Amino acid sequence: NQGEELNYSQAEEYLNSFINYEKIPGISYAQPGYNLRHVEELLNRMGNPQLAARTIHIAGTKGKGSVAAMIAQVLSSSGYKTGLYTSPHFHTLRERISTDGNLISEVEFATAMAEIKPFIESMRKGTALSQLTYFEVLTSLAFAYFKKNQVDFQVLEVGLGGRLDATNLSSPIVCVITPISLDHTQILGNSLEEIAWEKAGIVKPGCWVVLSPQPEEVASVISNVCREKEAKMVQVGKDITWHKIGSDLYSQSLVIEGRRNNYQVSIPLLGDFQLENAASAVAALEVLDYEGFNISTTDIERGLALVKWPGRFHILQEHPTVLVDGAHNVAAMRGLVRNIEAYFAHKRIFLVFGTSCDKDIPGIVNEMVPLSRQVIVTRAAHSRSAPPSTLVAEFSKRGIDVEIRETVAEAISRALSLANRTDLICVTGSLFVVAEALDYFSGG
């Protein structure tokens, strides 16, 4: 059943015809009655491509993208052909799907879409199963692409939650659950326990689970799920530990004491949270080694040194120093502030801030108050962006005068005109704001 040929813009247009919960503030994928039946049926008709490769599945509130990138890079360095599926993207949708560090090309994307479209269209004829979402279609395309490319491993980052995420139709050897904190509460539940339960929905009977350090109530929910499903758990911070050796503005080095070995690692990523992420990645890689895959200490050390994950505590230039970070919830902002204090103790700081309207804006602003009196608020060109006036109100309540600039580019250019060579400009609040900052500095 060969469908028509599509070019890239037609493929993208077709994808955009499906409902996209990423663009709708406060709408929950977990709407009453929402389930994975539709995407399950689609994958079934496609011959279940999600089961073709060995899978590493990663959920959590923060750090899941970094951990996914680290694991994928080490697997590639070990000689395994490795697919990586992450979200959201900065500049192009194609960033979400890559093999051994190469993004899916426009032609490959269009071809993959043309191949899965007939299955989707035949489902649309049966009205009961026609309700696919944008993320489900994209995830199905990624599975089909990885299968066609015969990847050895697919590293999958959960889009949202876990239990009802389209990536959850895979069958992982190892799941990683990175630190969980309150985010997307209107979707995932109002307590850490509820959120932990949603994320633990990725745990499959008998698989391995790597658990990053968690609040007590999260750890107990996930331990219970692991017991019920007879999943084997490795706890980062207990079974595998790490200590930092040093850092400069571009990388940090650490020793990871694993269950099988010690690793002397240098990662080109800054911030304490990345040390913990590296330990979680190594814990998962050790499980794969234990399961008979060939991943040496050298592969782990070499792979981690090559990892790329832009937009997270990422320095774009010096004099003045420009730092971008996608922190978009209270826990991430608290971590960002801590890291700024650790790396840039004596600098004067200018903040460029914009965020999405479905976030805990008062909570995020509270974390930022100690950092700076010089704040420029703005908004990304994204449908979910919070209006700058909302942000101004929150800062004003706390006695901070802020300036407004309508676009991220104008906000950055204003900050650059105010800052001296020795100052720090930090652009943060959402990955959409960071994407526009990356564009600004790469002349995009």
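Above: the structure in question.
Residues numbered from 1 in each chain as written. Predicted model: local features only at pLDDT ≥ 70, side-chain atom pairs only at ≥ 80, totals over all residues. Heavy atoms only, no water.

Visitor: I would appreciate a short explanation of the overall build of the protein chain in the present structure.
Guide: From N to C terminus, the protein chain includes 15 helices and 17 strands. Compactness check: the protein chain gives a C-alpha radius of gyration of 22 Å against a globular reference of 22 Å for 444 residues, within 12% of the reference. For the protein chain, the spread of C-alpha atoms along the principal axes amounts to about 60 × 50 × 40 Å. Going through the 444 residues of the protein chain one by one, you find that 57% of them count as buried. Long-range contacts, defined as pairs at least 24 residues apart, comprise 74% of the intrachain contacts of the protein chain with a sequence gap of at least 6. Accessible surface, the protein chain: about 17700 Å² in total, of which carbon and sulfur atoms supply 48%. Treating the 40 positive side-chain charges of the protein chain as one cloud and the 49 negative ones as another, the clouds have centres 1 Å apart. (Helix = DSSP H or I, 4+ residues; strand = E, 2+ residues; numbered from the N terminus. Rg over C-alpha atoms; globule rule 2.2 N^0.38 Å. Buried < 20%, exposed > 50% of the residue type's maximum accessible area, 1.4 Å probe, protein only. Contact = heavy atoms within 4.5 Å. Areas by Shrake-Rupley, 256 points an atom, 1.4 Å probe, with all protein chains shown as cover. Lys, Arg positive; Asp, Glu negative; His and termini not counted. Charge placed at Lys NZ, Arg CZ, Asp CG, Glu CD.)

Visitor: Can you help me understand the pattern of salt bridges in this one?
Guide: As a working rule, side chains carrying opposite charge can pair if their charged atoms are close by. Considering all chains together, one arrives at 15 salt bridges under this definition. We note a salt bridge from R96 to E22, for which the minimum N-O separation is 2.7 Å. One end of the pair, R96, is in the loop between β2 (82-85) and β3 (97-99); the other, E22, is in the loop between α1 (8-15) and α2 (37-45), and 74 residues separate them in sequence. Overall, the relative accessible area of 24% leaves E22 in the partly exposed class. Close ionic contact of R348 with D423 constitutes a salt bridge, the shortest N to O distance being 2.7 Å. Of the two residues, R348 sits in the loop between α11 (330-343) and β14 (349-353) while D423 sits in the loop between α14 (408-418) and β17 (424-428), which places them 75 residues apart along the sequence. With relative accessibility at 34%, the residue R348 sits in the partly exposed group. D423 sits in the buried class, given a relative accessible area of 3%. Taken together, the salt bridges that share partners define one network made up of E394, K397 and R398. (Salt bridge = Lys/Arg side-chain N within 4 Å of Asp/Glu carboxyl O.)

Visitor: Please clarify how the packing of helix α12 (residues 361-368) against helix α13 (residues 388-397) should be interpreted in this entry.
Guide: Pairs of packed helices are described in terms of their axes, by the angle between the two and the distance that separates them. Interhelical geometry of α12 versus α13 gives an angle of 50 degrees and a closest axis separation of 10 Å. One finds that α12 runs oblique with respect to α13. Between α12 and α13 lies a crossing of right-handed hand. The segment α12 lies against α13, with I361, P362, V365 and M368 engaging T390, L391, E394 and F395. A breakdown of the residues in the contact of α12 with α13 according to their chemical character gives six nonpolar, one polar and one charged. (Axes fitted to C-alpha atoms, helices over the stretch in contact; angles between N-to-C directions. Parallel < 35°, antiparallel > 145°, perpendicular 65-115°, else oblique. Left-handed = near helix turned anticlockwise from the far one by under 90°. Nonpolar A, V, L, I, M, F, W, Y, C, P; charged D, E, K, R; others polar.)

Visitor: What is the right way to read the nonpolar core from this model?
Guide: Where a protein is soluble and globular, its nonpolar side chains tend to be buried together. Among the nonpolar cores identified, the biggest contains 44 residues, and I56, I71, L75, V155, I256, L288 and I295 are the most heavily contacted of them. Among the elements that take part in this core, helix α9 (residues 272-290) stands out by supplying 10 residues, more than any other. If you look at the next biggest cluster of nonpolar residues, it comprises 41 residues, including L6, A11, A110 and I120. (Core = buried A, V, L, I, M, F, W, Y, C linked by side-chain atoms within 4.5 Å.)

Visitor: Teacher, can you tell me more about a negative patch on the surface here?
Guide: On the surface, a cluster of negative charge is made up of E193, E194, E216 and E217. Elements supplying a minimum of two residues to the negative patch: α7 (192-199) and α8 (216-228). (Patch = residues over 30% accessible without salt bridge, like charges linked within 9 Å, V, L, I, M, F, W, Y side chains within 5 Å.)

Visitor: Please clarify how the sheet that holds strand β8 (residues 232-235) should be interpreted in this entry.
Guide: Think of a sheet as strands paired side by side through backbone hydrogen bonds, with each pair either parallel or antiparallel. As summarised here, the arrangement of the eight strands in space is β4-β3-β2-β5-β1-β6-β7-β8, forming an open sheet in which the pairing is mixed. The sheet terminates laterally at β4 (102-103) and β8, the two strands that pair on one side only. Relative to β3, β2 runs antiparallel, the two being bridged by three bridges. Residue pairing for β3: Y85 is matched across the bridge by I97. (Pairing = 2+ DSSP bridges.)

Visitor: What's the story with the sheet that holds strand β13 (residues 321-325) in this structure? I'm lost.
Guide: Strands sit in the order β12-β13-β17-β14-β15-β16 across an open sheet of six strands; the sheet is mixed. The sheet is open, and its two edges are formed by β12 (314-317) and β16 (402-404), each paired on a single side. Strand-to-strand twist in this sheet, taken as the mean axis angle between neighbours without regard to direction, amounts to 25 degrees. Note: strand β15 (residues 374-377) against β16, three bridges, orientation parallel. Bridge pairing in β16 links V375 to V402.

Visitor: Explanation requested: the pairing of strand β7 (residues 208-211) in the structure shown.
Guide: A regular strand places its side chains so that they alternate between the two faces of the sheet. Residue alternation in β7 divides its side chains into two sets, W208 and V210 and V209 and L211, and both sets are buried. Of the strand pairs in this sheet, strand β6 (residues 172-177) and β7 are connected by four bridges, and their pairing is parallel. Residue pairing across strands places V174 opposite W208, the latter belonging to β7.

Visitor: In this structure, what is going on with the environment of L371? I would like to understand it.
Guide: As for its position among the elements, L371 is in the loop between α12 and β15. Of the residues examined, L371 reaches a relative accessible area of 12% and is grouped as buried. Counting along the chain gives 30 residues from L371 to E341, while the straight-line C-alpha distance between them is 8.3 Å. Not counting chain neighbours up to four residues away, the residues in contact with L371 comprise V337, I340, I349 and L351.

Visitor: Looking at this model, I keep getting lost on helix α10 (residues 297-305). Mind explaining?
Guide: Each turn of an α-helix holds 3.6 residues, which means side chains three or four residues apart point in the same direction. Looking only at α10, the buried set comprises D299, I300, G303 and L304. Projected onto a plane normal to the axis of α10, the buried residues spread over an arc of 120 degrees and lie on a single side. Residues of α10 that are buried in the fold lie against α3 (64-77), β11 (262-267) and α9. (Arc of directions from axis to C-beta.)

Visitor: What's the story with the environment of V392 in this structure? I'm lost.
Guide: By secondary structure assignment, the location of V392 is in helix α13. When the C-alpha atoms of V392 and V375 are compared, they prove to be 9.4 Å apart, with 17 residues separating the residues in sequence.

Visitor: Help me understand α12 in this model?
Guide: Here α12 lies mainly inside the structure; six of its eight residues are buried. Here α12 has its buried residues at I361, G363, I364, V365, E367 and M368. Residues of α12 that are buried sit in contact with α11, β14, α13 and β17. Sitting at the amino-terminal end of α12 is D360, which places a side-chain oxygen 2.9 Å from the backbone nitrogen of G363. (Polar contact = N/O pair within 3.5 Å; in protein donor to acceptor, adjacent residues only side chain to side chain.)

Keep in mind these values describe shape, not function.
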